[in-house]
Amino acid sequence: MTKRINVLALICFGLISGVKAQTLNSPYSRYGIGNTLSNQNILTRAMGGVASAYGDYQTINFYNPASYGNLQTVTYDVGLELENLTIRSFNPVQKFSNASPIISNVNLGIPLKKNGGWGLVFGLRPNSRIGYKVLKSERLNFGSGATDSVSTLFEGNGGTQQVFLGTGFRIKRFTFGANLGYMFGSKDHSTRRIFINDSLLYAKSNSETKSNFYGFVVNAGAQYNAKLNNKYVLRMGAQATLQQNLKATRDVVRETYNYDANGAELRIDSVYAVAGQTGRVQLPLSYSAGFILDKSGQWQIGVEYAAAKWSKYRYFGETDQVQDSWEIRTGGQLIPKAGKSYWGSVAYRAGFNYGVDYIAADGDLKKFSFTFGAGLPMRRVTYTNQFSIINTSLEFGQRGTNASLVKENFVRFSVAFSMSDIWFIKRKYD
């Protein structure tokens, strides 16, 4: 509990001194592997994250690799997102915003069997991000009326990425699939303190830990299509990512330093230093299950539950301020009049999700978001070989409450180009 208050509260109070702009600035990203990013494509994110049971002939749903068994067209999918994050502290009252663009996924899906039944997918996507830089200025009282001004800079950066190869196949109404991914990432946390005194010279201090980790992760899933009648199909799905141990190395230093004439850091002395220490980063088991009710491709609605055992997370054998997380998701899509007009062929999507975040530096960190989006055909419906789609998603969400030390509100706009048009189809001539 003491560590929890000392770290997050100091960062929170430091907001009053200002924050330098950067691609991400979230105090919560200090913990675990940082702020986890959505592990879904843009289509299902617009439906509130209902993805365990989703699958169609041209969508690369890498969240559940069982969906690859439905692929019938070679599809290239690339997603981009822009997030505006607003952070508020309530003691003292302060807020700031920053925007951060990223590439959310790059995937290629290939059907290995005519008319579907077996598919292959490979791609690249980010998993998490670490980014915060907060300057805290204060006066320390040493007793007997002695005080000094001190500036402390809390800074962190890093994150994780994953390349993966997956396959899925269909057996009657069942589909099964698995992804084999290679995850790699880094963490760099530092705390620098400078005493400001006009009569005494104090050495500047730096406490920093840098680490790199890498290893394989396995994700597997299954789906089942139950035909209720001529109009309705009930799709059920489940997926899980197994607990993994990644290899890791880290450098730790506790030092005093100064700057030379060129402004470069010059070490004065080190209290503790170790380089190339080996260890493990243990990532937890995560899973989800849900269903989607589909009426003849006109509309879909679904619900799912997701959870992760983050209490099992270990970093070089050490625990962190993290906890088991869970989330309830619901959403759907509507295609008003497919094939009748352009706007009638657009897929309109909406959803909602609510849960508890895995970061526990400030107790149970509640989170929720509302989602909206659309699937826009890239050509008119009269174009007979039209398959390519522009998928969009707009998410409004919150992490933390007014009772939290820090509350985060975000607006995230995402767009994906899912291209599987005639340039991927071999022409035949008579």
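Comments concerning the environment of Phe-370
Following the sequence through the fold, Phe-370 ends up in strand β16 (residues 366-377). Given the relative accessible area of 41%, Phe-370 is considered partly exposed. Excluding residues that lie within four positions of it along the chain, Phe-370 makes contacts with Gly-351, Phe-352, Leu-394, Glu-395 and Phe-396.

Re the side chain of Gln-333
Its place among the elements puts Gln-333 in strand β14 (residues 325-334). In this structure the side chain of Gln-333 is engaged in a polar contact, spanning 2.7 Å, whose partner is the side chain of Arg-349. Those residues in contact with Gln-333, other than ones at most four positions away along the chain, are Met-47, Tyr-54, Gln-298, Trp-299, Gln-300, Ala-347, Tyr-348 and Arg-349.

A short note on the pairing of strand β7 (residues 204-227)
Here 20 bridges tie strand β6 (residues 174-196) to β7, and the two strands are oriented antiparallel to one another. Within β7, the position partnered with Ser-186 by the bridge is Asn-212. Pairing between β7 and strand β9 (residues 244-259): 11 bridges, direction antiparallel. Pairing of Tyr-214 across the sheet is with Lys-247, part of β9. In the sheet, β7 pairs with strand β8 (residues 232-241) via nine bridges, with the strands oriented antiparallel. Bridge pairing in β8 links Tyr-224 to Met-236.

A word on the pattern of salt bridges
Going through the model one piece at a time under the given rule, you end up with 17 salt bridges. In this structure, Glu-81 and Arg-412 form a salt bridge, with 3.6 Å as the shortest nitrogen-oxygen distance. Of the two residues, Glu-81 is situated in strand β2 (residues 75-90) and Arg-412 in strand β18 (residues 406-419); the sequence distance between them amounts to 331 residues. Accessibility assignment for this pair places Glu-81 and Arg-412 in one class, buried. Close ionic contact of Arg-267 with Glu-255 constitutes a salt bridge, the shortest N to O distance being 2.7 Å. Pair noted here: Arg-267 is in strand β10 (residues 265-283) and Glu-255 is in strand β9, with a separation of 12 residues, a long-range link. Assessed through its relative accessible area of 47%, Arg-267 is described here as partly exposed. Since its relative accessible area comes to 10%, Glu-255 is described here as buried. Through salt bridges with shared partners, a single network forms among Glu-304, Glu-327, Arg-329, Asp-357, Lys-367, Arg-399 and Glu-408.

Notes on a nonpolar patch on the surface
There is a patch of nonpolar side chains on the surface, built from Met-236, Leu-242, Leu-285, Tyr-287, Phe-291, Val-303, Tyr-305, Trp-326, Ile-328 and Tyr-354 and spanning about 810 Å² of accessible area. Mapped by element, the contributors of at least two residues to the nonpolar patch are β11 (286-295), β12 (299-308) and β14. Turning to its location among the elements, Met-236 is positioned in strand β8. When its relative accessible area of 35% is taken as the criterion, Met-236 is described as partly exposed.

Here's the deal with the packing of aromatic side chains
Any two aromatic rings considered together are summarised by their centre-to-centre distance and by the angle between their planes. For the structure shown, the criterion picks out 15 aromatic pairs. Pairing Phe-174 with Phe-176 gives two aromatic rings, centres 6.0 Å apart and planes at 10°, and the pair type is stacked. Phe-174 gets classed as partly exposed once you look at its relative accessible area, which sits at 40%. Its relative accessible area of 32% is what places Phe-176 among the partly exposed residues. The interplanar angle of 70° and the centroid separation of 6.5 Å between the aromatic rings of Phe-372 and Phe-396 together place this pair among those described as edge-to-face. Highlighted residues: Phe-372 in strand β16 and Phe-396 in strand β17 (residues 389-399), separated in sequence by 24 residues. Since its relative accessible area comes to 36%, Phe-396 is described here as partly exposed. Through successive ring pairs, a cluster of aromatic residues spans Phe-169, Phe-174, Phe-176 and Tyr-224.

Comments concerning the side chain of Ser-418
Turning to its location among the elements, Ser-418 is positioned in strand β18. Other than its neighbours up to four places away in sequence, Ser-418 contacts Gln-58, Thr-75, Tyr-76, Asp-77, Phe-387, Ser-388, Ile-389 and Asn-391.

A word on the pairing of β12
By the bridge criterion, 10 bridges tie β11 to β12 in an arrangement that is antiparallel. Opposite Ser-286, over in β12, you have Ala-308 as the bridge partner. Between β11 and β12, which pair antiparallel in sequence order, lie three residues; one of them, Ser-296, sits at a positive phi of approximately 45°. Alignment of β12 against β14, held across 10 bridges, turns out to be antiparallel. Bridge pairing links Ala-307 to Trp-326 in β14.

Here's the deal with the confidence of the model for the chain
Across the chain, pLDDT averages 87, with 88% of residues at or above 70. Across residues 9-22, where pLDDT falls below 50, the model places 41 contacts with residues more than four positions away in sequence or in other chains.

Observations concerning the nonpolar core
Among the nonpolar cores identified, the biggest contains 26 residues, and Leu-246, Val-281, Leu-283, Trp-310 and Tyr-313 are the most heavily contacted of them. Where this core is concerned, the elements lending two or more residues are β2, β7, β9, β10 and β18. In this structure Leu-246 touches Met-183, Phe-213, Tyr-214, Gly-215, Phe-216, Val-217, Gly-279, Arg-280, Val-281 and Leu-283, once residues within four positions along its chain are discounted.

Focus: the environment of Asp-251
Along the polypeptide, Asp-251 turns up in strand β9. Remark: the alpha-carbon pair of Asp-251 and Ala-275, spanning 24 residues in sequence, is separated by 4.4 Å. Look past the residues within four positions of Asp-251 in its chain and what remains in contact with it is Glu-208, Thr-209, Lys-210, Val-274, Ala-275 and Gly-276. Within the structure, Asp-251 has its side chain in polar contact with the backbone nitrogen of Gly-276 (distance 2.7 Å).

Quick notes on the rules
- Residues numbered from 1 in each chain as written.
- Predicted model: local features only at pLDDT ≥ 70, side-chain atom pairs only at ≥ 80, totals over all residues.
- Heavy atoms only, no water.
- Helix = DSSP H or I, 4+ residues; strand = E, 2+ residues; numbered from the N terminus.
- Buried < 20%, exposed > 50% of the residue type's maximum accessible area, 1.4 Å probe, protein only.
- Contact = heavy atoms within 4.5 Å.
- Polar contact = N/O pair within 3.5 Å; in protein donor to acceptor, adjacent residues only side chain to side chain.
- Pairing = 2+ DSSP bridges.
- Salt bridge = Lys/Arg side-chain N within 4 Å of Asp/Glu carboxyl O.
- Patch = residues over 30% accessible without salt bridge, like charges linked within 9 Å, V, L, I, M, F, W, Y side chains within 5 Å.
- Areas by Shrake-Rupley, 256 points an atom, 1.4 Å probe, with all protein chains shown as cover.
- Phe/Tyr/Trp six-rings, centres within 6.5 Å; stacked < 30°, edge-to-face > 60°.
- pLDDT = per-residue confidence, 0-100.
- Core = buried A, V, L, I, M, F, W, Y, C linked by side-chain atoms within 4.5 Å.

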